[in-house]
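Reading the structure
If you want the building blocks of each chain, they are given just below.
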Amino acid sequence: MEVSKDREYIYSPTELDRIEGQVIEELRASSQESIPDPDEWLDEELERNILLTSVDAILNWARRSSLWPVICFPACCAFEFIAAEGPRFDMSRFGMEILRASPRQADLMITAGTLTWKMAPNVRRIYNQMPEPKWVIAMGACAISGGIFRSSYSVVPGYNKIIPVDVYVPGCPPRPEALIYGVRMLQNKIAKAPVVPDPLQLLEKGKKE
Amino acid sequence: MTVALSGKEIASQIEEKFPGSVEESSQDSLVMKSNSLLPAATFLKDTESLKFDYLNYITAVDYYSYFEVVYQLTSLEHNHSIVIKTRCYTRENPAVPSVVGLWQGANSQEREIYDLMGISFEKHPNLKRMFLWEGFPGHPLRKDYL
């Protein structure tokens, strides 16, 4: 059967083979050197940025840099706390601007104000609901010792009667600077603390004799 | 400005209606006998010319020999006010009739007085301690509380 004219190519089969061979030869000639690794620059950068440290140190760094306070402000020291949170003093510089409404998402309790015995079981429950690790800052004279209401029949003479306190910030009320200083002290304390506490010690935490 | 009505004047009106119910009266206030407090208070609230429809506050005072419960009433319609008082001469279980049925605002204030002063209010719908807890010994606002 005769092949019709219009089915013929411009190039003959021999020419096609030669062109293909030419392409391969050119590519082969230009591909003798391997292409440099595009991420080569990273090595140098990584050397400058990777720090080797212990797990304890990195976990404590993470913990102290994202202290989230629970909303538990029984009295007027809360206003100084609000000022400390606000733009002028801006406590969020230290990683703790997020107030958690749920104690289950918080790890710091700032006890801003007088505590009455009627309120005490609720504060103690909020503390118990917070997950470990957790810390408490006693803010102001009332939180430390009951303050001017110490001898009253209805006031708890200091939060450490019902929950363990880590840092005491004196003042009536403390200035926002004092509170921020107290938080910095707490961060120093966390940096030195063991990451995994002794389980037996943990069970005893907050219990009374 | 709210006009403070004369205690003597109101006392004479109450005496007319309920003879022997007023203990004493002065320019500022009048003292009711506690057993006739409720009918007199109803009279003060419902009489068209007086119409004391608003209870400003209730408070209580310890005078050692007796407790005094103080009510300030205001008429929002006539814009006048009066202070009425009643006394309990016993320190063991003092009681006065509750006025919650007349003025709802009395509810929490009577509870507060019951809690801190130990005066019970008869026929109060929910008479239990408010600021202190059940089992607290004594009543702290009494003069003999230590």
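For the structure itself, look to the data block above.
In short, a report on the structure. These figures come from a predicted structure and were not determined experimentally.

**Focus on the overall build of chain B**
Regarding its fold elements, chain B presents three helices and eight strands. Along chain B, helices and strands appear, N-terminal first, in the series β-α-β-β-α-β-β-β-β-α-β. Its C-alpha radius of gyration of 15 Å places chain B within 12% of the 15 Å reference for a compact globule of 146 residues. Seen through its C-alpha atoms, chain B measures out along the principal axes to roughly 45 × 30 × 25 Å. Within chain B, contacts between residues separated by at least 24 positions form 43% of all contacts whose residues are at least 6 apart in sequence.

**A few points about helix α7 (residues 176-192) of chain A**
All names here are of chain A. With 17 residues, α7 should reach 24 Å at 1.5 Å per residue; the first-to-last C-alpha distance of 25 Å fits that figure. Of the positions making up α7, those classed as buried are Leu179, Gly182, Val183, Leu186, Gln187 and Ile190. Projection of α7 onto a plane perpendicular to its axis shows the buried side chains occupying an angular sector of 145 degrees, all on one side. Across α7 from its buried face, at more than 90 degrees, point the exposed residues Glu177, Asn188 and Lys192. Buried positions along α7 lie against α3 (55-65), α4 (77-85), β3 (135-139) and β4 (167-169).

**What about the nonpolar core?**
Across soluble globular proteins, nonpolar side chains show a tendency to be buried alongside one another. By size, the foremost hydrophobic cluster in this structure holds 34 residues, and its most contacted members are Leu108, Met109, Ile137, Ala138 and Met139 of chain A. Sorting the residues of this core by element identifies α4, β2 (108-112), β3, α6 (141-145), β4 and α7 of chain A as the ones contributing at least two each. With five residues, the single largest contributor to this core is β3 of chain A. Counting residues in each nonpolar core, the second largest holds 31 residues, with Ile10, Val100, Tyr114 and Ile119 of chain B among its members.

**Regarding the packing of α3 of chain A against α7 of chain A**
All names here are of chain A. For the pair α3 and α7, interaxial distance at closest approach is 8 Å and the crossing angle is 160 degrees. Taken together, α3 and α7 sit at an angle that is classed as roughly antiparallel. Along this stretch, α3 crosses α7, giving a crossing that reads as right-handed. Contact residues: α3 offers Asn60, Arg63 and Arg64, while α7 offers Gln187, Ile190 and Ala191.

**Structural notes on the pairing of strand β3 (residues 29-32) of chain B**
Residues and elements named next belong to chain B. Here strand β2 (residues 22-25) runs beside β3; their pairing, made up of three bridges, is antiparallel. Directly across from Ser25, in β3, lies its bridge partner Leu30. The loop that links β2 with its antiparallel partner β3 comprises three residues. Inspection of the sheet shows β3 paired to strand β6 (residues 80-88) by four bridges, in the parallel sense. Note that in β6 the partner of Ser29 across the bridge is Val83.

**Examining the sheet that holds strand β1 (residues 69-70) of chain A**
Residue and element names in this part refer to chain A. The parallel open sheet is built from four strands, whose spatial order is β1-β2-β3-β4. In the strand order of this sheet, the two ends are held by β1 and β4, each with one partner. Taken together, the three bridges between β3 and β4 define a ladder with parallel strand orientation. Paired with Met139 across the two strands is Val169, which belongs to β4. This element, α7, spans β3 and β4 of the sheet and lies at about 165 degrees to β4.

**What about helix α3 (residues 106-117) of chain B?**
Residues and elements named next belong to chain B. With twelve residues, α3 should reach 16 Å at 1.5 Å per residue; the first-to-last C-alpha distance of 15 Å fits that figure. Those residues of α3 that sit buried are Ala106, Gln109, Glu110, Ile113, Tyr114, Asp115 and Met117. Following α3 by one or two positions, Gly118 adopts a phi angle in the positive range, close to 80 degrees.

Cut-offs and rules
- Residues numbered from 1 in each chain as written.
- Chains lettered and ligands numbered in written order.
- Predicted model: local features only at pLDDT ≥ 70, side-chain atom pairs only at ≥ 80, totals over all residues.
- Helix = DSSP H or I, 4+ residues; strand = E, 2+ residues; numbered from the N terminus.
- Rg over C-alpha atoms; globule rule 2.2 N^0.38 Å.
- Contact = placed C-beta atoms within 7 Å.
- Expected span 1.5 Å × (residues − 1).
- Buried ≥ 20, exposed ≤ 12 C-beta atoms within 10 Å, placed from the backbone.
- Arc of directions from axis to C-beta.
- Core = buried A, V, L, I, M, F, W, Y, C linked by C-beta atoms within 7 Å.
- Axes fitted to C-alpha atoms, helices over the stretch in contact; angles between N-to-C directions.
- Parallel < 35°, antiparallel > 145°, perpendicular 65-115°, else oblique.
- Left-handed = near helix turned anticlockwise from the far one by under 90°.
- Pairing = 2+ DSSP bridges.

Geometry only, nothing functional implied.
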